[in-house]
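Tertiary structure, described
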Amino acid sequence: MSPTVLLVVEHLDGVPAPATLEAAGLGKALASPQGRLVVLAAGSSARKAAEALAAVGAGSARLAEEPAWDLCPPSALGSLVAATARAEGAEVVLIGGTCFGRDLLGGAAAAWEAAAAAGVTEASWEDGGLVVRRPVFGGRATETRRLEGGRAIVALRPHAFPPLDTTAASFEASPSPPSGAAPASTLRRTGFEPGASSAGPSLSDAAIVVSGGRGLRSPENFGLVEELAAALGAAVGASRAVTDAGWRPGTLQVGQTGKTVTPQLYVAVGISGAIQHLVGMVGSRVIVAINNDPSAPIFRVADYGIVGDLFEILPALTAEVRKARAG
Amino acid sequence: MEIVVAVKPVPEAEARLRASADGSGLETDGVKFVLAGYDESAIEQALLLKEAHPPSTVQVLSLGPAARCEEVLRAALALGCDRATLVEAAPSGPLADPMGVARGLAAALRGKKFDLLLVGKQAGDDEEGVVGSALAQLLGVGYAGFVTDLRFDAASGHFRFRRTVERGTELWEAPVPLLVGLQQAWNDPRTAKLPAILRSRKQPIERFDAASALEAAARSLGAAFALPAPRTGAKLLDYRSPQEAAEKLVRALREEAKVFP
């Protein structure tokens, strides 16, 4: 097969988002051995973003460098993606499943008259068609879908694919098709407030989450969870017991009435594992539970368990993590 | 203000998931369908805006098999929505092709005047979140997802809202008409009162036939549905001191699981 794969680049001032580097890795695999990987970047620093991706085997780049793209919401890129996919004769468009990718996915699929799938964790060619797999129902089941019709646009679940290392390389750049959509939107951005993410990754986006529960016993002790999270570069989560008691804000709650998270690593500290919590994190790739009650349900869904006093284990673990990351 | 909310019936959270006999999708027999969680927030936000900006109406739409759509439409009427439209489509599972759903909803809404079209940012079953942005493109209106704190300024005819993304919170404004994928309403969704529930059982539901809009060359078809092998339980680490427990865990995460940062 020699398919053409179009990678839509998400970038901040020319630095590609991690989710884009993950999509680049899959794009390279889907385009090999004889296909082409083309990147599309929009905005005034599109060229810099495309250069960072040239090394991954993207032979060519389509650039929409009008500064007006900087001000558009992601949904305004739908027509540009469709026009570029048509001009390149692409079979597949890949995009990282961040807020950016998720907001443009459906619009691009509608404009390109393509099949769409989001939250994808595996993708491969089978019998000449693209087949994708993705967790559904908060990770409680896995669905396989066939994307038929020769035009598919896929948003990848963040952290599901290893990112490609990139070093700058040369590529053949061409402007986005003149027939491509002009940067236009009725939406106007009026401001930006950096979020909690400036202190660490956000809960729904993090590769690692450390969550604490009732076993911490007090809001002061919850600091032990935050110290371990900081050592791991992880986001902090909490069970409903913690947020209901007001120890930490409700935005940290993981579970049925809170956030659903699917990180690479989920560490549950002092959380017994009520079903309402489990549905929010059971899709995580590796689960570690630390609890003093060996019969706690959390140990049934965990991969690794430490039965013991979290007030002794956590400080030792935080110290060990710092040591291991420093060495 | 004319507000439209598109909602999706999803299996209730407690439903036991099983694969259908042919293994291609979810077995829906005996499964109770309810409003998706973010759709409840979308309805709440629509009702709050209606109350804040009289005279306004809230119309609710749902596409899919009639029985389960009627359930959620009546639930929406009981909460205070004014009109309900069932967009009839060929029977399909809860994990239907999202682009087909978007085309069907677009057919039902094309040429209809609205100021705000609300969808939940994603449904609790397939978690795709595709329909909102696809519908906006098909109807030619502006779109933003991950929206919170949605306000309407009647003087200027503009919406102002926040969009929560990975790095923080963006502030946006947009004129009518606008399509929004809502993350959170101003407050928790209300619950319906018994008289309203009883009244909703008798309220009319409009019907729109969208079967022909669903067909397309490019489509996404469910091919297999699998429940994960039940986790067999944690590997409990043996240790004599907290330090040893910590060392063993870090080694396992680094060497076996390969998830250590």
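None of these values were measured; they are calculated from a predicted model.

What follows covers the domain arrangement of chain A. Residue and element names in this part refer to chain A. Taken domain by domain, chain A consists of domain 1 (4–175) and domain 2 (196–326). Taken together, the contact between domain 1 and domain 2 spans 7 residues of the former and 10 residues of the latter. Considering only residue class, the side of domain 1 that touches domain 2 consists of 2 nonpolar, 3 polar and 2 charged.

With that settled, consider the pairing of strand β17 (residues 286–291) of chain A. Residues and elements named next belong to chain A. Counting buried residues along β17, 6 of its 6 residues qualify, which places the element largely inside the surrounding structure. Burial along β17 is two-sided: Val286, Val288 and Ile290 and Ile287, Ala289 and Asn291, pointing in opposite directions, are all buried. Strand direction decides the pairing type here: strand β16 (residues 265–269) and β17, joined by 5 bridges, are parallel. Of the residues in β17, the one forming a bridge with Ala268 is Ala289. Inspection of the sheet shows β17 paired to strand β18 (residues 304–307) by 4 bridges, in the parallel sense. From the neighbouring strand, Ile290 faces β18, where its bridge partner is Ile306.

Moving on, we get to the sheet that holds strand β4 (residues 57–64) of chain B. Remark on secondary structure: sheet strands pair via backbone hydrogen bonds, oriented parallel or antiparallel. Judged by pairing direction, the sheet is mixed, and its 10 strands sit side by side in the order β13(A)-β9(B)-β8(B)-β7(B)-β10(B)-β6(B)-β1(B)-β4(B)-β5(B)-β11(B) without closing on themselves. Two strands bound the open sheet, and with one partner strand each, they are β13 (188–194) of chain A together with β11 (206–209) of chain B. For this sheet the average axis-to-axis angle between neighbouring strands, irrespective of direction, equals 30 degrees. Relative to strand β6 (residues 116–120) of chain B, strand β1 (residues 2–7) of chain B runs parallel, the two sharing 4 bridges. By the bridge assignment for β6 of chain B, Val5 of chain B is matched with Leu118 of chain B. Packed onto the sheet, helix α4 (residues 99–112) of chain A meets β7 (142–153) and β8 (158–165) of chain B and runs at close to 100 degrees relative to β7 of chain B.

With that settled, the discussion passes to the nonpolar core. Within soluble globular proteins, side chains that are nonpolar generally end up buried alongside one another. The biggest cluster of nonpolar side chains holds 141 residues, and the ones touching the most others in it are Val81, Val93, Ala109 and Val154 of chain A together with Val5, Ala76 and Leu105 of chain B. The greatest single-element share of this core, amounting to 9 residues, is contributed by α4 of chain A. Those residues in contact with Ala76 of chain B, other than ones at most four positions away along the chain, are Val7, Ile43, Val60, Cys81 and Ala84 of chain B. In this structure, Leu224, Val269 and Met281 of chain A together with Val259 of chain B belong to the second largest nonpolar core, which totals 57 residues.

This paragraph deals with the interface of chain A and chain B. Contact residues are listed per partner, giving 79 residues for chain A and 68 residues for chain B. Broken down by element, the side of chain A that touches chain B gets its largest block of residues, 10 residues, from α4 of chain A. Taken together, the residues of the side of chain A that touches chain B sort by class into 38 nonpolar, 22 polar and 19 charged. The sheet contact formed by β13 of chain A and strand β9 (residues 168–175) of chain B spans 6 bridges and is antiparallel. The partner of Glu193 of chain A across the bridge, within β9 of chain B, is Thr169 of chain B.

Glancing now at the pairing of β7 of chain B. All names here are of chain B. In terms of strand pairing, β7 meets strand β10 (residues 178–182) through 4 bridges, oriented parallel. Directly across from Gly142, in β10, lies its bridge partner Leu178. As judged from the 5 bridges shared by β7 and β8, these two strands associate in the antiparallel manner. In the sheet register, Asp153 faces β8, and the bridge partner there is His158. Counting the residues in the hairpin turn of β7 and β8 gives 4 residues, including Gly157, whose phi is positive at 70 degrees.

A few words on the confidence of the model for chain A. Scored by pLDDT, chain A comes out at a mean of 88, with 91% of its residues at no less than 70. Of all the helices and strands in chain A, strand β12 (residues 172–175) of chain A carries the lowest mean pLDDT, 64, while strand β6 (residues 92–96) of chain A carries the highest, 97.

The parallel open sheet is built from 6 strands, whose spatial order is β15(A)-β14(A)-β16(A)-β17(A)-β18(A)-β13(B). The two strands at the open ends of the sheet, each matched to only one other strand, are β15 (235–238) of chain A together with β13 (235–236) of chain B.

Cut-offs and rules
- Residues numbered from 1 in each chain as written.
- Chains lettered and ligands numbered in written order.
- Predicted model: local features only at pLDDT ≥ 70, side-chain atom pairs only at ≥ 80, totals over all residues.
- Domains from an automatic or database assignment.
- Contact = placed C-beta atoms within 7 Å.
- Nonpolar A, V, L, I, M, F, W, Y, C, P; charged D, E, K, R; others polar.
- Buried ≥ 20, exposed ≤ 12 C-beta atoms within 10 Å, placed from the backbone.
- Helix = DSSP H or I, 4+ residues; strand = E, 2+ residues; numbered from the N terminus.
- Pairing = 2+ DSSP bridges.
- Axes fitted to C-alpha atoms, helices over the stretch in contact; angles between N-to-C directions.
- Core = buried A, V, L, I, M, F, W, Y, C linked by C-beta atoms within 7 Å.
- pLDDT = per-residue confidence, 0-100.

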